[in-house]
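What follows is the residue order along each chain.
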Amino acid sequence: MAAIGAAREPGCFLDRLIGKYGDFVKYRGVVGFHLVNHPALVRQVLRETHRQFDKDSAIYRRFKNAFGDGLVTAEGERWKKRRKLLQPVFKSSAIRHFFDLMLNAATATADKWAERCSKGEVFDVADEMDHLALTVAGRSFFGQAFDDGSEDIRRWTDVINRYCALPPLSIISNPKVPTPMNLRLRGVMGEYDQFLGTLIRERTDG
């Protein structure tokens, strides 16, 4: 029952673990994991003892199936090289450049919420925040191309998120197994690769 609850409502499941056992939990189940919740403990893991941890886990292997060997899944020297290439994107001056973009997206979302609330509509705030974050990231990275292809990008992102959120069981984590979700992932990643290829060619030719 716990495994079913974790798969259906992972956020609520983690909240229950924290409420019952505290900010550091070792969970044993179909998929075992450590839950680190307190800021001081998170800092310790990320800043002080990070060399004792690696990404050789079922969950990260699932991420690698979707994202390849990129910044999220790379380690060691490979991670450092990729992080160095992206360093300019994380500078404060670059973030300030996107301030108006972030403000406009947040304002448009708030206005939309106000209109829907005035009509008595019910909507999922978590989904709305996911869309807001995707809009900000998409416009930052892709510019006008994101707005032109926003519906496709949201659809691709939804499939990828659902795939990564599945329990990392070996039989369904293997991308070669033709499960419905694996087939959907292959389809959207093919579409996404074509989108990026077209965008790169347009930028290069321009």
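Predicted model, so just to flag it, every value in this text is computed and none were measured.

1. With respect to the overall build of the chain
Consideration 1: In terms of helices and strands, the chain carries twelve helices and two strands.
Consideration 2: Traced from its N-terminal end to its C-terminal end, the chain shows the element sequence α-α-β-β-α-α-α-α-α-α-α-α-α-α.
Consideration 3: By its C-alpha atoms, the chain is 50 × 50 × 40 Å across when sized along the principal axes.
Consideration 4: Across the 206 residues in the chain, those meeting the buried criterion constitute 21%.
Consideration 5: Partitioning the intrachain contacts of the chain with sequence separation of at least 6 by distance along the chain shows that 40% fall at a separation of at least 24.
Consideration 6: As displayed, the chain has an accessible area near 14,800 Å², and 58% of this comes from carbon and sulfur atoms.
Consideration 7: Averaged over its 32 positive side-chain charges, the chain has a centre that lies 8 Å from the centre of its 26 negative ones.

2. Thoughts on the pattern of salt bridges
Consideration 1: Under the counting rule described, the total for this entry stands at nine salt bridges.
Consideration 2: For E115, the salt bridge identified is with K119, shortest N-O distance 3.4 Å.
Consideration 3: Residue classification places E115 among the partly exposed residues on the basis of a relative accessible area of 46%.
Consideration 4: Connected through shared salt-bridge partners, K112, R116, E121 and E128 make up one network.

3. Quick notes on helix 8 (residues 125–142)
Consideration 1: In this model helix 8 runs 25 Å from its N-terminal to its C-terminal C-alpha over 18 residues, within 8% of the 26 Å that 1.5 Å per residue would give.
Consideration 2: Residues of helix 8 that are buried: E128, L132, L134, T135, V136, G138 and F142.
Consideration 3: Buried-residue contacts for helix 8 involve helix 7 (99–118), helix 9 (144–148), helix 10 (150–165) and helix 12 (180–205).
Consideration 4: With a side-chain oxygen positioned 2.9 Å from the backbone nitrogen of A126, the residue opening helix 8 is D124.
Consideration 5: G143 sits one or two residues past helix 8 and shows a positive phi near 65°.

4. Let's talk about the pairing of strand 2 (residues 33–36)
Consideration 1: Across four bridges, strand 1 (residues 24–27) lies against strand 2 in antiparallel orientation. The residue of strand 2 that forms the bridge with F24 is V36.
Consideration 2: A loop of five residues connects strand 1 with strand 2, the two strands running antiparallel in sequence.

5. Some thoughts on the side chain of E128
Consideration 1: Note on placement: E128 falls in helix 8.
Consideration 2: In contact with E128, not counting residues within four places along its chain, are K112, W113, R116 and F123.

6. A look at the confidence of the model for the chain
Consideration 1: On average, residues of the chain score 82 in pLDDT, and 93% of them are at 70 or above.
Consideration 2: Mean pLDDT per element in the chain: helix 1 (residues 2–8) is the minimum at 53, and helix 7 is the maximum at 92.

7. Examining the nonpolar core
Consideration 1: One finds F142, I153, I160, L185, V188 and F195 to be the most contacted residues of the largest nonpolar core, which totals 17 residues.
Consideration 2: Setting aside residues up to four positions removed in sequence, L185 forms contacts with N65, A66, V159, I160 and Y163.

8. What about the packing of helix 8 against helix 10?
Helices that pack against each other are described as a pair by the angle of their axes relative to one another and the distance between those axes.
Consideration 1: Where helix 8 meets helix 10, the axes come as close as 11 Å, and the angle between the chain directions of the two elements is 120°. Relative to helix 10, helix 8 is oriented oblique. For the crossing formed where helix 8 meets helix 10, the hand is right-handed. Residue-level contacts link H131, L134, T135 and F142 of helix 8 to I153, R154 and T157 of helix 10.
Consideration 2: Tallied by class, residues from the contact of helix 8 with helix 10 come to three nonpolar, three polar and one charged.

9. Quick look at a nonpolar patch on the surface
Consideration 1: A cluster of nonpolar residues, L85, L86, V89, F90 and F141, forms a patch on the protein surface that exposes about 510 Å² of accessible area.
Consideration 2: Mapped onto the elements, F141 comes out in helix 8.
Consideration 3: On the basis of relative accessible area, F141 is assigned to the exposed category, the value being 55%.

10. A short note on the packing of aromatic side chains
Consideration 1: Counting across every chain of the model gives six aromatic pairs.
Consideration 2: Here the aromatic rings of Y60 and F63 are separated by 5.5 Å at their centres, their planes lie at 85°, and the arrangement is edge-to-face. One end of the pair, Y60, and the other, F63, are both in helix 4 (residues 58–67), three residues apart, so they sit about a helical turn from each other.
Consideration 3: Feature note: the residues F13, Y27 and F33 constitute an aromatic cluster, connected by ring pairs.
Consideration 4: Sitting over the ring of Y163, R62 keeps its end group 4.3 Å from the ring centre.

Conventions adopted
- Residues numbered from 1 in each chain as written.
- Predicted model: local features only at pLDDT ≥ 70, side-chain atom pairs only at ≥ 80, totals over all residues.
- Heavy atoms only, no water.
- Helix = DSSP H or I, 4+ residues; strand = E, 2+ residues; numbered from the N terminus.
- Buried < 20%, exposed > 50% of the residue type's maximum accessible area, 1.4 Å probe, protein only.
- Contact = heavy atoms within 4.5 Å.
- Areas by Shrake-Rupley, 256 points an atom, 1.4 Å probe, with all protein chains shown as cover.
- Lys, Arg positive; Asp, Glu negative; His and termini not counted.
- Charge placed at Lys NZ, Arg CZ, Asp CG, Glu CD.
- Salt bridge = Lys/Arg side-chain N within 4 Å of Asp/Glu carboxyl O.
- Expected span 1.5 Å × (residues − 1).
- Polar contact = N/O pair within 3.5 Å; in protein donor to acceptor, adjacent residues only side chain to side chain.
- Pairing = 2+ DSSP bridges.
- pLDDT = per-residue confidence, 0-100.
- Core = buried A, V, L, I, M, F, W, Y, C linked by side-chain atoms within 4.5 Å.
- Axes fitted to C-alpha atoms, helices over the stretch in contact; angles between N-to-C directions.
- Parallel < 35°, antiparallel > 145°, perpendicular 65-115°, else oblique.
- Left-handed = near helix turned anticlockwise from the far one by under 90°.
- Nonpolar A, V, L, I, M, F, W, Y, C, P; charged D, E, K, R; others polar.
- Patch = residues over 30% accessible without salt bridge, like charges linked within 9 Å, V, L, I, M, F, W, Y side chains within 5 Å.
- Phe/Tyr/Trp six-rings, centres within 6.5 Å; stacked < 30°, edge-to-face > 60°.
- Lys NZ or Arg CZ within 6 Å of the ring centre and 35° of its normal.

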